[in-house]
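Coordinates in review
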Amino acid sequence: MYVLEVMSGPLDGKTWTFEQEITIGRDDAVAGACITIDRYISRKHARLYEEAGDLQLADLSSRNGTQVGGRPVATPQPLAVGQAFTVGRTILRVIKG
């Protein structure tokens with residue numbers, strides 16, 4: 001099990017748990033991690049998923065992009081547990097639950 005945690009942003013400290021996959025966005029109808037307060041987050045912004053035992057991060061054609069280490073996520077890429085990433089103006093990380 002994983003825990004998605006807001007490190008900085010309007011929902012600082014908020015967490016969501018997930019097993020293998022979670023979508024991040026502003027629309028609670030499509031996002032398991034719904035962040036409605038950050039207007040720079042798209043309705044369906046990014047997706048975290050497990051593939052072959054590794055955590056992957058994919059941007060879902062969001063307007064303001066997803067970044068890891070200040071670099072845009074253009075294609076799905078591995079994300080280390082504990083590594084920070086940004087959607088909109090919110091900084092998140094995934095930890096083991």
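The notes below deal with the structure included here.

Check the secondary structure of the protein chain and you find zero helices and eleven strands. When the helices and strands of the protein chain are read in sequence order from the N terminus, they spell out β-β-β-β-β-β-β-β-β-β-β. For a compact globule of 97 residues, the expected C-alpha radius of gyration is about 13 Å, and the protein chain comes in at 12 Å, within 12% of that figure. When its C-alpha atoms are laid out on the principal axes, the protein chain stretches across 35 × 25 × 25 Å. Taking all 97 residues of the protein chain together, 38% fall into the buried category. A separation of at least 24 residues holds for 36% of the contacts in the protein chain among residues at least 6 apart in sequence. For the protein chain, the computed accessible surface area is about 5300 Å², with 43% contributed by carbon and sulfur atoms. Counting 11 positive and 11 negative side-chain charges, the protein chain places the centres of these two groups 8 Å from one another.

A few words now on the packing of aromatic side chains. Scanning all chains against the criterion turns up one aromatic pair. Aromatic side chains Tyr-2 and Phe-18 sit 5.3 Å apart centroid to centroid with 25 degrees between the ring planes, which places their arrangement in the stacked category. A residue pair is termed long-range when its members are at least 10 positions apart, and Tyr-2 in strand β1 (residues 2-8) and Phe-18 in strand β2 (residues 15-18) qualify at 16 residues. Of the residues examined, Phe-18 reaches a relative accessible area of 5% and is grouped as buried.

Moving on to the sheet that holds strand β4 (residues 33-34). With respect to topology, five strands assemble into an open sheet ordered β4-β3-β5-β6-β9, the strand pairing being mixed. Each edge of the open sheet is held by one strand with a lone partner, namely β4 and β9 (77-78). Examined bridge by bridge, strand β6 (residues 54-59) and β9 share two bridges and lie antiparallel to one another. Residue pairing in the sheet places Gln-56 in a bridge with Pro-78 of β9.

Reading guide: rules and limits
- Every chain is numbered independently, its residues counted from 1 as its sequence is written.
- For a predicted model such as this one, the threshold for reporting local features is a pLDDT of at least 70, and the threshold for listing and counting side-chain atom pairs is 80 or more; totals across whole chains, interfaces and linings nevertheless cover every residue.
- Water and hydrogen atoms were dropped before computing side-chain values, which therefore reflect all heavy atoms in the structure.
- Going along the chain from the N terminus, every DSSP run of H or I of four or more residues is numbered as a helix, and every run of E of two or more is numbered as a strand.
- Note on method: radius of gyration uses C-alpha positions; expected globular size equals 2.2 Å times residues raised to 0.38.
- Partly exposed describes any residue whose relative accessible area lies between the buried limit of under 20% and the exposed limit of over 50%, with all areas from a 1.4 Å probe on protein chains only and scaled to the type maximum.
- In what follows, residue pairs with any heavy atoms lying within 4.5 Å of each other are defined as contacts.
- Using a 1.4 Å probe, the Shrake-Rupley method yields the accessible areas, and only the shown protein chains count as cover for residues.
- Under the convention used here, Asp and Glu are negative, Lys and Arg are positive, and both His and the chain ends fall outside the count.
- Taken as the charge location is NZ of Lys, CZ of Arg, CG of Asp or CD of Glu.
- Aromatic contacts are taken between Phe, Tyr and Trp rings whose centres are within 6.5 Å, Trp giving its six-membered ring; a plane angle under 30 degrees counts as stacked, one over 60 as edge-to-face, and the others as tilted.
- Only when DSSP finds a minimum of two bridges between them are two strands counted as paired.

These results come straight from atomic positions and should not be treated as a statement about function.
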